[in-house]
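Each chain, letter by letter, is given below.
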Amino acid sequence: MSSTIYNHRSLQPTGPPAQGPSQHTHARVNEAFDTIRQEFDVLTSDLGLLRNQRDEYESKVTSQINELNIIRQSLYELESQHGKIRQQYEEELSRLRSELHSARQGIPSGAPPHPTVGPGSVGPSGPPAPPSAVPGAVPPTGPGSYNDPYYSRDRDREREKDREREREIRDRERDQRDRERERPSDASRDPKRVKSERIKTDRPGKHFPSSSARSPPPHGYRTPLSPLLSATDHYSPSLGPGPTPKLPAPAGPPTFQGPGLPPPPSAHAPYPPGPGNPPPAGPNEQSSSVSASLAPVSSSSNGGQFPEDLDPQHVPPEFKREGSDWFAVFNPKVKRVLDVTLVHTLMHESVVCCVRFSADGKFLATGCNRTAQIYDTKTGAKTCVLADEAAGKAGDLYIRSVCFSPDGKYLATGAEDKQIRIWDIAKKRIRNVFDGHQQEIYSLDFSLDGRLIVSGSGDKTARIWDMVDGSSKVLTINDPDSLNSDAGVTSVAISPNGQLVAAGSLDTVVRIWDVVSGILIERLRGHRDSVYSVAFTPDGKGLVSGSLDKTLKYWDVSGLVNGSKRKEAAANGKKELEKVSQCTMNFMGHTDYVLSVAVSHDGQWVVSGSKDRGVQFWDSHTATMQCMLQGHKNSVISIDLSPAGSTLATGSGDWQARICGYLDEPSDLQALIDI
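Throughout what follows, the structure given in this document is the object of discussion. Everything numeric in this text was worked out from a predicted model, so none of it was measured. (Residues numbered from 1 in each chain as written. Predicted model: local features only at pLDDT ≥ 70, side-chain atom pairs only at ≥ 80, totals over all residues. Heavy atoms only, no water.)

Okay, the overall build of the protein next. Secondary structure assignment for the protein yields eight helices and 34 strands. Split into buried and exposed, the 675 residues of the protein put 46% on the buried side. Sequence separation of at least 24 residues holds for 57% of the intrachain contacts in the protein that already meet a minimum separation of 6. With an accessible surface of roughly 32,500 Å², the protein has 54% of that area assigned to carbon and sulfur atoms. (Helix = DSSP H or I, 4+ residues; strand = E, 2+ residues; numbered from the N terminus. Buried < 20%, exposed > 50% of the residue type's maximum accessible area, 1.4 Å probe, protein only. Contact = heavy atoms within 4.5 Å. Areas by Shrake-Rupley, 256 points an atom, 1.4 Å probe, with all protein chains shown as cover.)

Below, the structure written as structure tokens:
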């Protein structure tokens, strides 16, 4: 018992010291946690302040950009009003001259005839020489004489107008020469590569002068004379100047390249320089003639086009819809069955190379320099920004193509670094990367089941990638009779049934492959310049293509939908290929390159975007133009129609993407605004 007590007493002194340091350690740990918590709270507070400051700065920047756009639009309107007033003044002068001439007709026959008044009669400043004396005639002193003060004033005004015109011409030429000197030389650059360095500094409203040849303004649109706002003689930021002429016709524009567009072929000699020239001999001539004969729209009849002299400023109200910085003009030659309105303008930090809706139409993805953005189509709010931080920081890295997976979980992006990135949208992380292309990727398209994704590249190949196992199938262009050695793929589309892949290329040909076998089963020839966009109709029986020849074509590919016909076409070789599908409609009306095409979910409308800055709605059954939409200040590089219907998206070189609503019943305007 005593031993137990002894042992117990011996343990007593050692017990409390063991507890003392433990309690002290816990206290220090708690103090450290409190200190960390306080620092975290301070950092959280600072972060909140920084976020508020960032939001405030972004709001200010957006406000200033909107103010600049308003100022720019006001300048456009002032220029337009000035043009109208000037035109009225000239018409009034012409009327007064006519009255004066009629009054002078009553002068006695002995009086000398009055010289013609106008620019053709204006000489150097100073009094004109008196008229030759007529025998037996008395020098006139009445209203028709040279001493007539009205005639002197009229003559002075004519001289002043001519001097103003000369000054304007000299100023424009001087500005053009200055800007030409400032532009770096492109002689050392590879014409088959897209170079985007110049685009970074080319902000909206800041343009670079082109060559002296001018492309015509779209559909009679009056171009202001202001050098900063001219609509005709400037390079598009998205379409920088290229080293070789793409369309060397006398009045054609120079070559243009840009982040949203593949480079033009290095040589254009094997096919015609532009619209209006006779097609070359060979298979292209035959196909072109067939296409023209099947086209319901003829350039001579002008059935589906707007009249060339149509002035949007003087269109009757029932054929026009107008906003603060946009307008839509409807074809007066056909019944109006459409209405459009601007819903959102989405500002970006660079050229908008591509736009694409999600399958449910609730979101819109856009691609620009280094980033892809996702917007809520209803509110216009930016919901997500995707940027690969691991990508090199040197130079530009434009996202050329974006595409949602059918379930909306993933976004595929194709860029200048030859990689396809598949993003998990919810996690904002890259799910996987597809490598294999040797040049920039210009186009992407998912199959409806989400299993396959098709890509097109400047390396003359299209590829089919399997989202499950990551395998790929290469669709190569190696035609021995290709019209041009540069057959880079500019656009790809997979048919709704997932059996066909169509690709447009720089060599003017649209090709179609069988997905399962990878065999080329069709070549569609008919365009006279590079094909920049292709899109299947919802039923898969038609294919629409857009080209730099300023036209769209509708191809009947219903013969390829049947699997046996595809196998038969592939087995019978090239001759059979060219007989399976034919061009049945031509869409003519754009005044410059057609850069993008899309087909509505119901197959009713074909929509096209162009370098002429316009978007045009076409009746898909008749190729008749229904509406022309203008608002972008630069080329419309990309367009898309929502699979859910009634919504259009556009991306442009003016650093803007726009969401527009459209309805087939123009009377229901409120429903259109509420889209």
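Next comes the rest of the description.
Turning our eyes to something else, we now look at the nonpolar core. Among the nonpolar cores identified, the biggest contains 23 residues, and Val 340, Phe 617, Leu 629, Leu 648 and Tyr 662 are the most heavily contacted of them. Elements represented by at least two residues in this core include exactly β6 (327-330), β29 (605-610), β30 (614-619), β31 (625-630), β32 (636-641) and β34 (656-663). Here this core gets four residues from one element, more than from any other, and that element is β6. For Leu 648, the contacting residues outside a window of four places in its chain are Phe 357, Val 607, Val 615, Phe 617, Leu 629, Ile 639, Asp 640, Leu 641, Arg 658, Ile 659, Cys 660 and Tyr 662. (Core = buried A, V, L, I, M, F, W, Y, C linked by side-chain atoms within 4.5 Å.)

Here Lys 418, not a glycine, exhibits a phi torsion of approximately 75°, which is positive. Here Lys 418 shows up in the loop between β13 (410-415) and β14 (420-424). Overall, the relative accessible area of 30% leaves Lys 418 in the partly exposed class. At Lys 460, a residue that is not glycine, the phi angle is positive and equals roughly 70°.

Moving on, we come to the sheet that holds strand β15 (residues 429-434). Pairing in this open sheet of four strands is antiparallel, and the strands run β12-β13-β14-β15 from one edge to the other. The open sheet has two free edges, formed respectively by β12 (399-404) and β15, since each of these has just one partner strand. Geometrically, the sheet is characterised by an average inter-axis angle of 25° between neighbouring strands, direction not taken into account. Across five bridges, the pairing between β14 and β15 is antiparallel. (Pairing = 2+ DSSP bridges. Axes fitted to C-alpha atoms, helices over the stretch in contact; angles between N-to-C directions.)

Across the sheet, which stays open at both edges, the four strands sit in the order β8-β9-β10-β11 with antiparallel pairing between neighbours. Strands with a single pairing partner mark the edges of an open sheet, and in this sheet they are β8 (354-357) and β11 (382-386). When the angles between neighbouring strand axes are averaged without regard to direction, this sheet yields 20°. Sheet topology places strand β10 (residues 372-376) next to β11; four bridges connect them, and they run antiparallel. Its bridge partner lying in β11, Tyr 375 is registered against Lys 382.

What follows covers the pairing of strand β9 (residues 363-367). Along β9, four of the five residues are buried, which leaves the element largely enclosed by surrounding structure. The antiparallel pairing of β8 with β9 creates a hairpin that spans five residues between the two strands, and Gly 361 there sits at a positive phi of about 75°. Pairing analysis gives five bridges linking β9 to β10, with the strands arranged antiparallel. Note on β10: the bridge partner recorded for Ala 365 is Ile 374. Where β9 folds back onto β10 in an antiparallel hairpin, the turn is made up of four residues, including Arg 370, whose phi is positive at roughly 75°.

Overall, the coordinates contain four aromatic pairs when judged by the stated rule. Taking 6.4 Å as the distance between ring centres and 80° as the angle between the ring planes, the aromatic pair formed by Trp 605 and Phe 617 counts as edge-to-face. With Trp 605 in strand β29 and Phe 617 in strand β30, this residue pair connects regions lying twelve residues apart in the sequence. The residues Trp 605 and Phe 617 share a single accessibility class, namely buried. (Phe/Tyr/Trp six-rings, centres within 6.5 Å; stacked < 30°, edge-to-face > 60°.)

A separate point is a nonpolar patch on the surface. On the surface, a nonpolar cluster with roughly 380 Å² of combined accessible area is contributed by Leu 68, Ile 71, Leu 75 and Leu 78. In this fold, Ile 71 is placed in helix α2 (residues 15-104). (Patch = residues over 30% accessible without salt bridge, like charges linked within 9 Å, V, L, I, M, F, W, Y side chains within 5 Å. Salt bridge = Lys/Arg side-chain N within 4 Å of Asp/Glu carboxyl O.)

Moving on: the environment of Gln 582. Within the secondary structure, Gln 582 sits in strand β27 (residues 582-588). It is 10.0 Å that separates the C-alpha atoms of Gln 582 and Arg 523, two residues lying 59 residues apart in sequence.

Bringing the environment of Ala 381 into the picture now. Within the fold, Ala 381 resides in the loop between β10 and β11. Residue class for Ala 381 comes out partly exposed when judged on its relative accessible area of 36%. For the pair Ala 381 and His 344, spaced 37 residues apart in the sequence, the C-alpha separation amounts to 9.5 Å. For Ala 381, the contacting residues outside a window of four places in its chain are Ile 374, Tyr 375 and Asp 376.

Along the chain, the position of Arg 321 falls in strand β5 (residues 320-322). Classification of Arg 321 as buried rests on a relative accessible area of 18%. Residues Arg 321 and Val 340, 19 residues apart in the sequence, show an inter-C-alpha distance of 7.7 Å. A polar contact of 3.4 Å, which involves the side chain of Arg 321, links it to the side chain of Thr 341. (Polar contact = N/O pair within 3.5 Å; in protein donor to acceptor, adjacent residues only side chain to side chain.)

Before going further, it helps to examine the pattern of salt bridges. If you walk through the whole model with that rule in mind, you get 18 salt bridges. Between Arg 658 and Asp 325 there is a salt bridge whose closest N-O contact spans 2.7 Å. Note that Arg 658 is positioned in strand β34 and Asp 325 in the loop between β5 and β6, a separation of 333 residues in sequence. For the pair Arg 658 and Asp 325, a shared accessibility class is recorded, and that class is buried. With a closest N to O distance of 3.2 Å, Asp 592 and Lys 611 form a salt bridge. Here Lys 611 lies in the loop between β29 and β30 and Asp 592 lies in the loop between β27 and β28 (594-599), a separation of 19 residues in the sequence. Note on Lys 611: relative accessible area 8%, which makes it buried. Here the salt bridges do not stand alone but share partners, grouping Glu 92, Arg 95 and Glu 99 into one network.

Counting buried residues along β14, five of its five residues qualify, which places the element largely inside the surrounding structure. Residues Ile 420, Ile 422 and Asp 424 of β14 are buried on one face, and the alternating residues Arg 421 and Trp 423, pointing to the opposite face, are buried as well. The sheet contact formed by β13 and β14 spans five bridges and is antiparallel. Across the sheet, Thr 413 pairs through a bridge with Arg 421, a residue of β14. Following β13, the chain reverses through four residues before pairing antiparallel with β14; Lys 418 in that reversal takes a positive phi of roughly 75°. Joining the antiparallel neighbours β14 and β15 is a turn of four residues, in which Lys 428 adopts a positive phi near 55°.

All told, the structure shown has zero disulfides when counted by the stated rule. With no disulfide partner, Cys 353 has as its closest neighbouring cysteine sulfur the one in Cys 354, 6.1 Å distant. (Disulfide = S-S within 2.5 Å.)

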